[in-house]
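Structural description and commentary
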Amino acid sequence: QQQVKQSPQSLIVQKGGISIINCAYENTAFDYFPWYQQFPGKGPALLIAIRPDVSEKKEGRFTISFNKSAKQFSLHIMDSQPGDSATYFCAAPNEAAGNKLTFGGGTRVLVKP
Amino acid sequence: DAGVIQSPRHEVTEMGQEVTLRCKPISGHDYLFWYRQTMMRGLELLIYFNNNVPIDDSGMPEDRFSAKMPNASFSTLKIQPSEPRDSAVYFCASSLIGYTGELFFGEGSRLTVL
């Protein structure tokens, strides 16, 4: 069973600061690594995803960095805003299970004004 | 499009009762997923369908759980009999190209079994 280990479990950052969330995965034959954002009482929504023929992808203030050899990827939130306060989930395909997505345990981010 | 629609949003029931959760996926999406979210286990995939056919139900916890998709616009997840450990938020999600593309989640059904 694929495990996707996400850290930290929670994060407090000041407005304008940088939030960094890390994920590590096991083996996968398919390269697709998304990050989902979830607000309280809502379902997760795709934030950004990478297919690592590149090592980095940036969309606005959100950047994914990917290290294929280390089987790790991370989400950076630049200039964090109170509206970014949410739970963030990384996910990775599970090779042993036909490449179903396995989600990390989530990181609760609180951005203080 | 209205997005993925789930009902009920909240359900409180007593142990032993039957629970039916409903989902209407986004029109045109060929894939439908049922997830369960708990604090202890996070987001778990229970079952997914492709073109109304169940493809993988290995995540269904036990025989008390069943899911159907009678047509492209409707799916149900049934728990019979329900137990307190089934208390969780159940999400339905749909996708155009499977789980390697964007999953569109509904707002979830929060189930409490007393």
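This text follows the structure it describes.
Residues numbered from 1 in each chain as written. Chains lettered and ligands numbered in written order. Predicted model: local features only at pLDDT ≥ 70, side-chain atom pairs only at ≥ 80, totals over all residues. Heavy atoms only, no water.

**Considering the overall build of chain B**
Helix and strand counts for chain B stand at zero helices and eleven strands. Starting at the N terminus, the α and β elements of chain B follow one another as β-β-β-β-β-β-β-β-β-β-β. In terms of C-alpha radius of gyration, chain B reaches 13 Å, essentially the compact-globule figure of 13 Å for 114 residues. Each principal axis of the C-alpha distribution contributes one length, and for chain B these read about 35 × 25 × 25 Å. Sorting the 114 residues of chain B into buried and exposed places 49% on the buried side. The long-range share in chain B, meaning contacts at least 24 apart out of those at least 6 apart in sequence, stands at 54%. Carbon and sulfur atoms provide 50% of the accessible area of chain B, an area that totals close to 5,600 Å². Of the side-chain charges in chain B, 10 are positive and 14 negative, and the distance between the mean point of each set is 3 Å. (Helix = DSSP H or I, 4+ residues; strand = E, 2+ residues; numbered from the N terminus. Rg over C-alpha atoms; globule rule 2.2 N^0.38 Å. Buried < 20%, exposed > 50% of the residue type's maximum accessible area, 1.4 Å probe, protein only. Contact = heavy atoms within 4.5 Å. Areas by Shrake-Rupley, 256 points an atom, 1.4 Å probe, with all protein chains shown as cover. Lys, Arg positive; Asp, Glu negative; His and termini not counted. Charge placed at Lys NZ, Arg CZ, Asp CG, Glu CD.)

**Let's talk about the interface of chain A and chain B**
Between chain A and chain B, the contact holds 16 residues from the first and 17 residues from the second. Note on chain A versus chain B: buried area summed over both sides is about 1,500 Å², and carbon and sulfur give 55% of it. Per-residue buried area on chain A facing chain B is highest for Pro44(A), Lys100(A) and Phe103(A); these three make up 34% of the total on that side. One can count one salt bridge joining chain A with chain B. In this structure, Lys42(A) engages Glu107(B) in a salt bridge whose closest nitrogen and oxygen atoms are separated by 2.7 Å. Put simply, the parts of the chain that give the side of chain A that touches chain B at least two residues each are strand S4 (33-38) and strand S10 (100-103) of chain A. (Buried area = accessible area lost by both parts, 1.4 Å probe. Salt bridge = Lys/Arg side-chain N within 4 Å of Asp/Glu carboxyl O.)

**Observations concerning the nonpolar core**
Among the nonpolar cores identified, the biggest contains 23 residues, and Ile21(A), Phe33(A), Trp35(A), Phe73(A), Leu75(A), Tyr88(A) and Val109(A) are the most heavily contacted of them. Of all the secondary structure elements, the ones that give two or more residues to this core are strand S2 (10-14), strand S3 (19-24), S4, strand S5 (45-50), strand S7 (62-67), strand S8 (72-77), strand S9 (86-94) and strand S11 (107-112) of chain A. Per element, the largest residue contribution to this core is four residues, and it comes from S9(A). Contacts of Leu75(A), omitting those with residues within four sequence positions, involve Ser19(A), Ile20(A), Ile21(A), Trp35(A), Leu47(A), Ile48(A), Phe62(A), Thr63(A), Ile64(A) and Tyr88(A). Judged by nonpolar contacts, the second largest core, of 21 residues, contains Val4(B), Cys23(B), Phe49(B) and Ile79(B). (Core = buried A, V, L, I, M, F, W, Y, C linked by side-chain atoms within 4.5 Å.)

**Overview of the pairing of S5(A)**
Residues and elements named next belong to chain A. Where S4 and S5 come together, five bridges link them in antiparallel fashion. Pairing of Pro34 across the sheet is with Ala49, part of S5. Taking the residues that link successive antiparallel strands as the turn, the S4-S5 hairpin has six residues, and the phi of Gly41 there is positive, at about 80 degrees. (Pairing = 2+ DSSP bridges.)

**Focus on the packing of aromatic side chains**
All names here are of chain A. Inspection of every chain in the model, using the stated rule, returns 18 aromatic pairs over all chains. Arranged with centres 4.7 Å apart and planes meeting at 45 degrees, the rings of Phe33 and Phe66 form a pair that is tilted. Of this pair, Phe33 sits in strand S4 while Phe66 sits in strand S7, and the two are 33 residues apart along the sequence. We classify Phe33 as buried; its relative accessible area is 0%. The exposure class assigned to Phe66 is buried, which follows from its relative accessible area of 8%. (Phe/Tyr/Trp six-rings, centres within 6.5 Å; stacked < 30°, edge-to-face > 60°.)

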